[in-house]
Amino acid sequence: MPGITEEWKLHSSDINLNYNIRIFEFGHKMKTWRAGRKVHSLPFQVGESEFSLAIYPNGDCKENRGNISVFLRNRNDWDVRVACELSVGTQSFKLFEQIGSNSSHGWPKYCDHDDVRDLDDFRDYGHLTVTADIKLIWEEVTPMMKSTKSEVSNLKRKIDALEGTMTSKLVSLENLVAKKLKPT
C-alpha cells in the first residue's frame, strides 16, 4: 500500500475547492489508536490561504473516544472566513465560520464509529473517505503577506527541484561506482 492516505482535489475556481482524503485501514485505526492521535491531510490552498484537514479516528480527546473528530485547520498568519461542507458517506455537515490564524474549527463528535461501519468503502475495504467542499468567503491577506507567501512557495518549488536533481545525480553516481567496482 502506498501510504496511510490517498488524496485528491478539484478546483472549480480560485476560491472553491473539493478536497478528498481516503484513509486506508480506518477500521483498524478506530480500534487501536488512542484518542488524540490524528491523520492529517497534506496542506492545500484556496485563494491565497493554506488549509489542512485533521481526522481523529478515535476522537480528538478522551471525552470523544468512540467518535470520529474532524477539523479544518487555517495554516496562515491571518484570519479567514469559510463555508465548508464536510461529508463522510451520506452524512454531511456545514460550517460557515471565521477561523483565526493558525487555528482549527470543526466537529469533535462528527460521527459515531457505528455510523461508518455500513459505508460500502468501509465495509468492503476498511477505508474511509472524507470530502470537504470549501469556499473561501474572505481572507485577511495584505500585499506584504501575499508577497512573502509567494516567495516561500517559489523557494519550496526550487528546493523540490534541487532535491530531485540531487537524487538523480546520486543514483547516477551509485551506478557509476557499481560499474567500476564490478569484477570483469
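Just so it is clear, the model here is predicted, and its values are computed rather than measured.

(A) Geometry of the environment of tryptophan 33. Position of tryptophan 33 among the secondary structure elements: in the loop between helix 1 (26-32) and strand 3 (39-40). According to the relative accessible area criterion, tryptophan 33 is buried, its value standing at 10%. Measuring from C-alpha to C-alpha, the distance between tryptophan 33 and serine 104 comes to 21 Å, with 71 residues separating the pair along the chain. Ignoring any residue separated from it by four or fewer positions in sequence, one finds tryptophan 33 in contact with Ile4, His28, Lys38, Val39, Pro57 and Asn58.

(B) Up close: the packing of aromatic side chains. Tallied over the full model, the rule gives six aromatic pairs. The rings of Tyr19, Phe44 and Phe51 are connected pair by pair, giving a single aromatic cluster. Positioned above the aromatic ring of tryptophan 33, the side-chain terminus of arginine 37 is 3.9 Å from the ring centre.

(C) Summary view of the nonpolar core. Residues Phe44, Leu53, Ile55, Ile68, Leu72 and Val116 are the most contacted members of the largest nonpolar core, which totals 35 residues. Excluding anything up to four places from it in sequence, valine 116 contacts Met30, Ile68, Val88, Cys111, Phe122 and Leu128.

(D) Just a nonpolar patch on the surface, in detail. A cluster of nonpolar side chains, namely Leu170, Leu173, Leu176, Val177 and Leu181, defines an oily patch on the protein surface of about 490 Å² accessible area. One can find leucine 181 in helix 4 (residues 143-181). According to the relative accessible area criterion, leucine 181 is exposed, its value standing at 68%.

(E) Structural detail: the environment of serine 153. Tracing the backbone through its elements, the reader meets serine 153 in helix 4. C-alpha of serine 153 to C-alpha of histidine 105: the two residues are 48 residues apart in sequence and 25 Å apart in space.

(F) Local environment of the pairing of strand 6 (residues 67-74). Where burial is concerned, most of strand 6 is hidden: seven out of the eight residues are buried. Direction of pairing for strand 5 (residues 49-56) relative to strand 6: antiparallel, over a ladder of six bridges. Residue pairing for strand 6: serine 52 is matched across the bridge by arginine 73. As paired elements, strand 6 and strand 9 (residues 103-112) share seven bridges and run antiparallel to each other. Across the sheet, leucine 72 pairs through a bridge with histidine 105, a residue of strand 9.

How each quantity is defined
- The residue count restarts for each chain, going from 1 along the sequence in the order it is written.
- Restriction of local features to residues with pLDDT of at least 70 applies here, the model being predicted, together with a cutoff of 80 or more for giving and counting side-chain atom pairs; totals for whole chains, interfaces and linings are based on all residues.
- The side-chain figures draw on all heavy atoms in the structure; neither hydrogens nor water molecules are used.
- Numbering goes from the N terminus for both helices and strands, where a helix is a DSSP run of H or I of at least four residues and a strand is a run of E of at least two.
- Residue burial is assigned from relative accessible area. The probe radius is 1.4 Å, only protein chains are included, and a residue is buried under 20% of its type maximum, exposed over 50%, and partly exposed in between.
- Contacts between residues were defined by any pair of non-hydrogen atoms, one from each residue, lying within 4.5 Å.
- Only the six-membered ring of Trp is used, alongside the rings of Phe and Tyr, when aromatic pairs are assigned; centres must lie within 6.5 Å, and planes under 30 degrees apart are stacked while those over 60 apart are edge-to-face, with the rest tilted.
- Charge over a ring is defined by NZ of Lys or CZ of Arg lying within 6 Å of the ring centre and within 35 degrees of the ring normal.
- We call a set of buried Ala, Val, Leu, Ile, Met, Phe, Trp, Tyr and Cys residues a nonpolar core when their side-chain atoms join them within 4.5 Å.
- Note that patches include only residues with greater than 30% relative accessible area and no salt bridge, and the join distances are 9 Å for like charges and 5 Å for nonpolar side chains (Val, Leu, Ile, Met, Phe, Trp, Tyr).
- Using the Shrake-Rupley algorithm and a 1.4 Å probe, accessible areas are obtained, with residue cover drawn only from the displayed protein chains.
- A carboxyl oxygen of Asp or Glu within 4 Å of a side-chain nitrogen of Lys or Arg is what we treat as a salt bridge.
- Strand pairing is assigned whenever DSSP identifies at least 2 bridges connecting the two strands.

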